[in-house]
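# Close look at the chain arrangement
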Amino acid sequence: MNATAIRAGFLTSVQDLGRTGFREFGVSLGGALDTHALRVANLLAGNDESAAGLELTFGGLRLRFAGDRIVVWGGGDFNARVGSTSVAAGHPALVRGGEEFSIESPTCGCRAWLAISGGIDVPVVLGSRSGDLRAGFGGVKGRPIRDGEEFPLGENSARSGVLIDKLRGEKIGRWKPPHDWSSTARRTPVLRYVRGADSRRFRESALQSLNNESFFVSPDSDRMGIRLDGPRLERREDVDLLSEAVAPGTVQVPPSGKPILLLNDCQTIGGYPKIAHVITVDLPTATQLCPGDRVRFAEVSIVDAHALLLERERNLEQFRRGLESHFQ
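Cut-offs applied
Residues numbered from 1 in each chain as written. Predicted model: local features only at pLDDT ≥ 70, side-chain atom pairs only at ≥ 80, totals over all residues. Heavy atoms only, no water. Salt bridge = Lys/Arg side-chain N within 4 Å of Asp/Glu carboxyl O. Helix = DSSP H or I, 4+ residues; strand = E, 2+ residues; numbered from the N terminus. Buried < 20%, exposed > 50% of the residue type's maximum accessible area, 1.4 Å probe, protein only. Pairing = 2+ DSSP bridges. Arc of directions from axis to C-beta. Contact = heavy atoms within 4.5 Å. Phe/Tyr/Trp six-rings, centres within 6.5 Å; stacked < 30°, edge-to-face > 60°. Lys NZ or Arg CZ within 6 Å of the ring centre and 35° of its normal.

Next up on the list: the pattern of salt bridges. Going through the model one piece at a time under the given rule, you end up with 29 salt bridges. The partner of Arg 96 in a salt bridge is Asp 68, and the shortest N-O contact between them spans 3.2 Å. With a gap of 28 residues between them, Arg 96 in the loop between strand E8 (93-95) and strand E9 (100-103) and Asp 68 in the loop between strand E4 (61-65) and strand E5 (69-77) connect regions that are remote in the sequence. Among the ionic pairs, Glu 149 bridges to Arg 143, the shortest N-O distance being 2.6 Å. Taken individually, Glu 149 and Arg 143 each receive the classification buried, so the pair is uniform in this respect. Linked through salt bridges whose partners overlap, the residues forming this network are Arg 39, Glu 49, Glu 313, Glu 317, Arg 320 and Arg 321.

Across the nine residues of E5, eight count as buried, placing the element largely inside the fold. The pairing of E5 with E8 spans three bridges and is classified as antiparallel. Paired with Arg 69 across the bridge in E8 is Val 95. Pairing of E5 with strand E10 (residues 108-116) involves six bridges; the strand directions are antiparallel. If you follow Gly 75 over to E10, its bridge partner there is Ala 112.

Turning our attention to helix H4 (residues 204-212). Among the residues making up H4, those that are buried are Ala 206, Leu 207, Ser 209 and Leu 210. Along H4, the residues classed as buried sweep out an arc of 160° about the axis, all on the same side. Lining the buried residues of H4 we find strand E12 (190-195), strand E13 (215-217), strand E19 (274-278) and strand E20 (294-299).

Turning next to the packing of aromatic side chains. Describing an aromatic ring pair means giving the distance of the ring centres and the angle of the ring planes. With the rule as written, the count across this model stands at five aromatic pairs. When the centroid spacing of 5.7 Å and the interplanar angle of 80° are considered together, the rings of Trp 181 and Phe 319 count as edge-to-face. Of this pair, Trp 181 sits in helix H3 (residues 179-182) while Phe 319 sits in helix H6 (residues 302-323); the two residues are 138 residues apart in sequence, bridging distant segments of the chain. Across the pair, Phe 319 and Trp 181 agree in class, each one buried. One aromatic cluster in this structure is built from Tyr 193, Phe 215 and Phe 297. The aromatic ring of Phe 327 is capped on one face by Arg 159, whose charged end is 3.9 Å from the ring centroid.

One non-glycine residue with positive phi stands out, namely Lys 141, at about 55°. Inspection of the secondary structure puts Lys 141 in the loop between E10 and strand E11 (150-152). Accessibility expressed as a relative area gives 69% for Lys 141, which makes it exposed. Of note in this structure, Lys 171 is not a glycine but carries a positive phi near 70°. Residue position: Lys 171 is located in the loop between helix H2 (158-166) and H3.

If you want it as structure tokens, here you go:
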């Protein structure tokens, strides 16, 4: 069965958990910028966590399905509906065949992730269904989805079938994940970080500015990285560096002194010095930053970063177990 994008929105693409194991060949990780949000939405829809869904930027999406489907979305503060019925973030909703599901523009944040029962069944390329929009492969022909375009869906799983039967009456499930998991946009975000491998190459004033000053998101930002305007982060010496590995979360500083926070479509190596690395649990907040938004940074230890990630994974495992009663 297929889904039809009656209206595709500003930038909607197929994404899963990413293309791992190919960075040595120069292939970006890609995938959903907030993999945690997609994992949670897939669990709620009765899918495997790794199923491909849709990543939306600034909304504007209208979908119609050929058959009954469960949909779950999470991310910024969007207005989502099945027909005329509002659907809050993190709640599974039944969309009957022929009905429309829509997500309009957000009031806070800029991205949302949508899981559809059965997942999006586009071909697997290098171990992933994600669309690499820069390289032009994966997803739907390596590009964003277009108005009026159809794309294939997998069969509803047995778990999804149970949910479909349960929701034929009320349509919207009353169960949901923790609020911070499904609604990740923040009005005044603070991103926690650990010092980068090249932090000693910067003046002490640069490190103080990183901790104490606000930065503003530049319009020249995308899935590759977020460019930030604000105080100039000055190096101790203006010397060339050998290119080294970088990853989503790395904060590089080019000669302009204006930092760049790398995201999933970033290059695999880079020569700009790495002043910091935003911790994994705060990357979902970073992916909601819009041009003009203000953001601050706060340093934490690597021990704290590990502890926060382990805590989230433990909580996710408890969430998986708690969902079992809804699939019986």
